[in-house]
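A look at the structure
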Amino acid sequence: MVFTRSVRSSICSWLLVSVFAVTSAVAEDSSSKSAETVEIDVRYRPQLNDPLVDEFCRLDIAIPADQSDFPTVVWFHGGGLKSGDKKIPKALRERGIGVVSANYRLHPKVSAPTYIEDAAAAVAWTFKNIERYGGSAKRIYVSGHSAGGYLTSMVGLDKSYLAKHGIDANQIKGLVPLSGHTITHFTVRAEQGIDKQQPTIDSFAPLFHVREDCPPLLLITGDRELEMLGRYEENAYLARMMAVAGHEMTELNELDGFNHGKMVRPAIERLINFVKADR
């Protein structure tokens with residue numbers, strides 16, 4: 001089923017969003033915190049005599065203390081596939097779930113599909129290693145914001161990337177892209193000489209890979225009037241086409257009153273609720 005929140009004109013809706021933001025902040029007070037340990041700069045790819053692999057193909061991992069079989073979120077940062085750095089979002093820290101935050105090689109030093117391949121390698125590393133840290137390989141979620149949301153959808157919808165690592169993408173417990181492209185990413189289009197305002201759907205577009213047997217998919221964007229150009233509409237189209245394909249576990253959330261950057265914190269609260277529902 002698809003759920004859309006799109007009432008923006010009434011003062012009551014604005015107040016509801018404000019209450020939600022306050023509630024999200026309260027959820028992160030000390031009473032909701034749980035202890036964790038953190039390991040940084042873990043290699044998730046062999047060096048392969050490539051200095052870029054050694055520099056970028058690393059991840060940080062936060063592990064809940066004194067817990068076993070915990071769920072884990074693999075998180076990818078934004079930055080247009082051109083910039084950004086691995087950082088576990090504050091809203092995800094000490095929430096009783098494992099978090100793997102991975103870097104990936106960036107344009108212009110590399111081009112598609114290298115960054116998608118790196119994202120898949122980080123997810124595969126998590127499947128193969130999380131049990132050593134006490135987590136469950138059956139409870140792995142993938143998420144990220146903006147470019148990270150795009151990578152989330154590509155790794156989860158195009159099964160070929162994880163298949164190279166012997167992982168079935170359907171083993172992912174859930175996909176939660178935040179404000180990610182569902183058409184071909186504008187940086188990938190630029191690499192092909194296509195204008196960033198020219199929509200394209202090719203094999204580098206999540207929309208190209210809609211399928212009935214995809215893991216549960218929670219699409220979250222900011223307010224369509226405040227978001228990046230067309231970002232809500234792209235996600236709405238993906239939600240619609242997933243429904244047409246017969247996928248019954250796609251949800252679409254629009255965070256009224258929040259722009260592309262500010263939507264991350266309230267969206268992470270929905271991500272956490274999604275994970276803890278343990279579908």
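In what follows, the structure referred to is the one given above.
Residues numbered from 1 in each chain as written. Predicted model: local features only at pLDDT ≥ 70, side-chain atom pairs only at ≥ 80, totals over all residues. Heavy atoms only, no water.

With that settled, the discussion passes to the overall build of the chain. Along its length, the chain carries eight helices and eight strands. A buried classification covers 55% of the 279 residues belonging to the chain. Look at the contacts in the chain between residues 6 or more apart in sequence, and 78% of them connect residues 24 or more apart. Looking at the chain as shown, the accessible area adds up to about 12100 Å², and 53% of this sits on carbon and sulfur atoms. (Helix = DSSP H or I, 4+ residues; strand = E, 2+ residues; numbered from the N terminus. Buried < 20%, exposed > 50% of the residue type's maximum accessible area, 1.4 Å probe, protein only. Contact = heavy atoms within 4.5 Å. Areas by Shrake-Rupley, 256 points an atom, 1.4 Å probe, with all protein chains shown as cover.)

Volume-wise, the largest pocket comes out at about 260 Å³. Looking at the largest pocket, the residues that line it are His181, Ile183, Phe186, Arg189, Lys196, Gln197, Pro199, Met228, Leu229, Gly230, Arg231 and Glu234. Residue classes in the lining of the largest pocket are distributed as five nonpolar, three polar and four charged. What lines the second largest pocket is Trp75, His77, Gly78, Gly79, Asp85, Lys87, Pro89, Lys90, His145 and Val264. (1 Å grid on protein atoms, 1.4 Å probe; cavity = no way out; pocket = protein on both sides within 12 Å on 5 of 7 lines; lining within 4 Å. Points joined across faces, edges and corners; volume = space filled by probe spheres on them. Nonpolar A, V, L, I, M, F, W, Y, C, P; charged D, E, K, R; others polar.)

A few words on the side chain of Arg270. Checked against the element boundaries, Arg270 lands in helix α8 (residues 264-277). A polar contact of 2.6 Å, which involves the side chain of Arg270, links it to the side chain of Asn253. (Polar contact = N/O pair within 3.5 Å; in protein donor to acceptor, adjacent residues only side chain to side chain.)

Within strand β8 (residues 250-255), six of the six residues are buried, which leaves it mostly tucked inside the rest of the structure. Of the two faces of β8, the one holding Thr250, Leu252 and Glu254 and the one holding Glu251, Asn253 and Leu255 are both buried throughout. Note: strand β7 (residues 217-222) against β8, six bridges, orientation parallel. The partner of Gly222 across the bridge, within β8, is Leu255. Each parallel crossover has a hand, and the one from β7 via helix α7 (residues 231-244) to β8 is right-handed. (Pairing = 2+ DSSP bridges. Right-handed = clockwise from strand over helix to strand, strands pointing away.)

As a further point, take the pattern of salt bridges. For the coordinates displayed, the defined rule picks out 14 salt bridges. In this structure, the salt-bridge partner of Asp54 is Arg58, at a minimum N-O distance of 3.1 Å. Taking relative accessible area as the criterion, Arg58 reaches 16% and is therefore assigned buried. Lys164 serves as the salt-bridge partner of Glu117, at 3.8 Å between the closest nitrogen and oxygen. In this pair, Glu117 sits in helix α3 (residues 114-129) while Lys164 sits in the loop between α5 (160-163) and β6 (174-178), placing the two residues 47 residues apart along the sequence. Overall, the relative accessible area of 24% leaves Glu117 in the partly exposed class. Residue class for Lys164 comes out exposed when judged on its relative accessible area of 61%. (Salt bridge = Lys/Arg side-chain N within 4 Å of Asp/Glu carboxyl O.)

What follows concerns the packing of aromatic side chains. Taken as a whole and judged by the stated rule, the model has three aromatic pairs. Here the aromatic rings of Phe76 and Tyr104 are separated by 6.4 Å at their centres, their planes lie at 70°, and the arrangement is edge-to-face. Here the residue Phe76 occupies a position in strand β3 (residues 70-76), and Tyr104 occupies one in the loop between β4 (98-102) and α3, the gap between them amounting to 28 residues. Since its relative accessible area comes to 0%, Tyr104 is described here as buried. Pairing Tyr141 with Phe274 gives two aromatic rings, centres 6.0 Å apart and planes at 80°, and the pair type is edge-to-face. (Phe/Tyr/Trp six-rings, centres within 6.5 Å; stacked < 30°, edge-to-face > 60°.)

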